[in-house]
Structure formats: structure tokens, C-alpha cells
Amino acid sequence: MVYVEGPDDIPFWDDKFSAEIPSSNYEIESVNGKENLDAYIVGVLSGNIKNVIIACDEDYGIYQGGNSKTHPQIVRTYGYSIENSMFCPYRISAYIRVLARNRVDYTSEVNDWYDVFCKSAKRLLPYDILNSTLHCSPYPCFGDNCCRFLKSNESASLDDNKIDEWITRISTTFPEDKVISMIGVIDNDNRSLRYVIKGHFLTNAVINLIKRKVHEATSQHITLSNDAIYAQFVNCKRVCGGECEDRKYLSFQIKKAIESLN
């Protein structure tokens, strides 16, 4: 049995586990919320729950001194959450190409967009990481989406002035030495920034980027819902033609978890 946080996680983790073992060898069940997963994690760590695997988001565990709830049967995402894996530049490029009905490779443009977007979002990151444990501010630093920081509702770009205003509003409640220290920790992370930024924060910007590129190619305004984006990106189709660090990381963890049950 593989326990996951919510229903949205089932197709994602099923894709990853079925690449390692026959799908008939396991079941996946949602516990309907991260908070409900804690009891299963405690049970695995104590040895009271056996023959199960927990598959969950990494969140900011890496930045909080390493995740204390480490165990071979606990598999975590490479980035903050499943969305960070889902929104791969190759997958975004391939989807734009399908919607634009052409053969253009948009990968370099998507990577350029990610570089600019993440550079701006990075300024909010130390506050969001610190707030997850210290609760310095009653206001969210990232929030569930990026809309309030975009240049417009249709834009895929963050507005640095809006970010400046927000940081000015919340920064006085954060210890300056801890912010500086956290910036150093972030800079030492070998992962691409797109894996570090909160996954849900990326979603609306990714949607707007796809819509903009399709409009540039076709002059058509398309409609994309969160459900449509989820359905398109939840399974990795390996359009990159290789095995990325993300996939290798998850493959290694899943194999280790399976071996620990034998």
C-alpha cells in the first residue's frame, strides 16, 4: 500500500511507481490531507506500521536542517511538491507546440522565462521558508498562487515593484540575521530554482505563459483551466528523451523503499 496526501497525488505517484514495479503489485490510497499523513509517518518511523510506503511532498524539509522524518519507506518529491516536477520546461514546450499546431521547440524560451520568473520569486523565498517554522508574519509570503504579484492578470511575469512593496510590509517581523543566513542556504542548493519555489505558486504563471505563446503563434485566445493543466502535466511523458535528475531521484527512492519491504 502506498499512502499519499490527496487525490491529486494518486496519478502522479502511480506514474512513478509503475515505472519501477508492475502496477498490480501495489495500491495507492489518499489520506485526504497532509495532516492526516502524519499518523502514518509516525507509525512507519516507530515500526508499528509495516508493508506500506508513504509518498509525499518534500516541502521545505531540505532548508530546515534536513527532514527529521527520514525513513526508506518515506518517499519525497525532488522539489517542493509534485507541481515542481510536473511543470518541466520540456513538457511546457511540447504542450505549447500541440496547442499552436506547429513544430517549434519552445524549450529555450521556457527556460529563459523560468530564469527571470524564479529570480524575482527568489526574493520572497527566504521569508516563506522562515515563516513556515517561525511564523513571523500572519500574512503568506507566496500564498497559493502568484496572481497578486503578476504584472497583470494575463501576464506570466512577476512585478518586482509589487514584490518590493510586499517585502517592505512583512520584513520588519523577520530577524534580519536569519533572513541573510537563509539566503546563503538557498544559494548553496544545487537544485534549479524552479524546484525550490512553491509548486502552486507557479501554476497561474505557467498557464499565462502557455496562453501567451499560443496567441503569438496563432493569434487565438485560448482558455486553460487548472484541471486541464493538471490533466496534461500530471504524468511524465519523457518528451525530453532522457532521465532528468528529478526522475532519477524519485526512481532511486522508490527502489529503496520497495527493497526495504523485502
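Thresholds applied
- Residues numbered from 1 in each chain as written.
- Predicted model: local features only at pLDDT ≥ 70, side-chain atom pairs only at ≥ 80, totals over all residues.
- Heavy atoms only, no water.
- Helix = DSSP H or I, 4+ residues; strand = E, 2+ residues; numbered from the N terminus.
- Rg over C-alpha atoms; globule rule 2.2 N^0.38 Å.
- Buried < 20%, exposed > 50% of the residue type's maximum accessible area, 1.4 Å probe, protein only.
- Contact = heavy atoms within 4.5 Å.
- Areas by Shrake-Rupley, 256 points an atom, 1.4 Å probe, with all protein chains shown as cover.
- Lys, Arg positive; Asp, Glu negative; His and termini not counted.
- Charge placed at Lys NZ, Arg CZ, Asp CG, Glu CD.
- Pairing = 2+ DSSP bridges.
- Axes fitted to C-alpha atoms, helices over the stretch in contact; angles between N-to-C directions.
- Core = buried A, V, L, I, M, F, W, Y, C linked by side-chain atoms within 4.5 Å.
- 1 Å grid on protein atoms, 1.4 Å probe; cavity = no way out; pocket = protein on both sides within 12 Å on 5 of 7 lines; lining within 4 Å.
- Points joined across faces, edges and corners; volume = space filled by probe spheres on them.
- Nonpolar A, V, L, I, M, F, W, Y, C, P; charged D, E, K, R; others polar.
- Salt bridge = Lys/Arg side-chain N within 4 Å of Asp/Glu carboxyl O.
- Parallel < 35°, antiparallel > 145°, perpendicular 65-115°, else oblique.
- Left-handed = near helix turned anticlockwise from the far one by under 90°.

**Details of the overall build of the protein**
Across its full length, the protein holds 12 helices and four strands. Relative to the globule expectation of 18 Å for 262 residues, the C-alpha radius of gyration of the protein, 19 Å, shows essentially globular dimensions. Expressed as lengths along the three principal axes of its C-alpha atoms, the size of the protein is roughly 55 × 50 × 30 Å. Within the protein, the fraction of its 262 residues that count as buried is 47%. For the protein, restricting intrachain contacts to residue pairs at least 6 apart in sequence, the fraction spanning at least 24 positions comes to 72%. When the accessible area of the protein is evaluated, it comes to approximately 13,200 Å², of which 48% is carbon and sulfur surface. Side-chain charges in the protein split into 29 positive and 35 negative, and the spacing between the mean points of these groups amounts to 3 Å.

**Details of the sheet that holds strand 2 (residues 28-30)**
Within the open sheet, the four strands sit side by side as 2-1-3-4. Their pairing is parallel. Among the strands making up the open sheet, the edge pair consists of strand 2 and strand 4 (74-76). Strand-to-strand twist across the sheet, computed as the mean angle between neighbouring axes with direction ignored, equals 25 degrees. In this structure, strand 1 (residues 2-4) lies alongside strand 3 (residues 53-56), joined through three bridges in parallel fashion.

**Section: the nonpolar core**
Trp-13, Ile-92, Tyr-114, Phe-117, Leu-158, Phe-201 and Ile-210 are the most contacted members of the largest nonpolar core, which totals 69 residues. Counting residues per element, this core draws most heavily on helix 10 (residues 199-218), which supplies eight residues. Setting aside anything within four residues of it in sequence, one finds Trp-13 in contact with Val-4, Ile-28, Ala-55, Cys-56, Val-75, Arg-76, Thr-77, Ile-82 and Leu-250. Counting nine residues, the second-largest nonpolar core is a separate cluster that includes Tyr-3, Val-31, Ile-54 and Cys-56.

**Here we look at unusual backbone geometry**
Positive phi is not limited to glycine here, since Asn-51 has a value of about 60 degrees. Tracing the backbone shows Asn-51 in the loop between helix 2 (34-46) and strand 3. Look at Asp-59: it is not a glycine, yet its phi comes out positive at around 55 degrees. Here Asp-59 shows up in the loop between strand 3 and strand 4.

**Some remarks on the layout of surface pockets**
Empty space within the largest pocket amounts to approximately 520 Å³. Along the wall of the largest pocket there are 24 residues; nearest its centre are Asp-8, Ile-82, Glu-83, His-200 and Thr-203. Only helix 3 (82-86), helix 10 and helix 11 (226-233) provide two or more residues apiece to the lining of the largest pocket. With four residues, helix 11 is the largest single contributor of residues to the lining of the largest pocket. Classifying every residue of the lining of the largest pocket by side-chain character gives six nonpolar, eight polar and 10 charged.

**As for the pattern of salt bridges**
For the structure shown, the criterion picks out 13 salt bridges. Between Arg-191 and Asp-189 there is a salt bridge; the shortest N-O distance is 2.8 Å. For Glu-216, the salt bridge is made with Lys-213, and the minimal N-O distance between the two is 2.8 Å. With Glu-216 and Lys-213 both in helix 10 and three residues apart, this pair spans about one turn of that helix. Using a relative accessible area of 9% as the deciding quantity, one classes Lys-213 as buried.

**Some thoughts on the packing of helix 6 (residues 125-134) against helix 8 (residues 176-187)**
Between helix 6 and helix 8, the shortest axis-to-axis distance is 9 Å and the interhelical angle comes to 115 degrees. With respect to their mutual orientation, helix 6 and helix 8 come out roughly perpendicular. When the axes of helix 6 and helix 8 are compared, the crossing they make is right-handed. Along its contact with helix 6, which presents Leu-125, Pro-126, Tyr-127, Ile-129, Leu-130 and Leu-134, the element helix 8 presents Lys-178, Val-179, Met-182, Ile-183 and Ile-186. Partitioned by chemical class, the residues of the contact of helix 6 with helix 8 number 10 nonpolar, no polar and one charged.

Interpretation note: all reported values are geometric properties and have no functional meaning in isolation.
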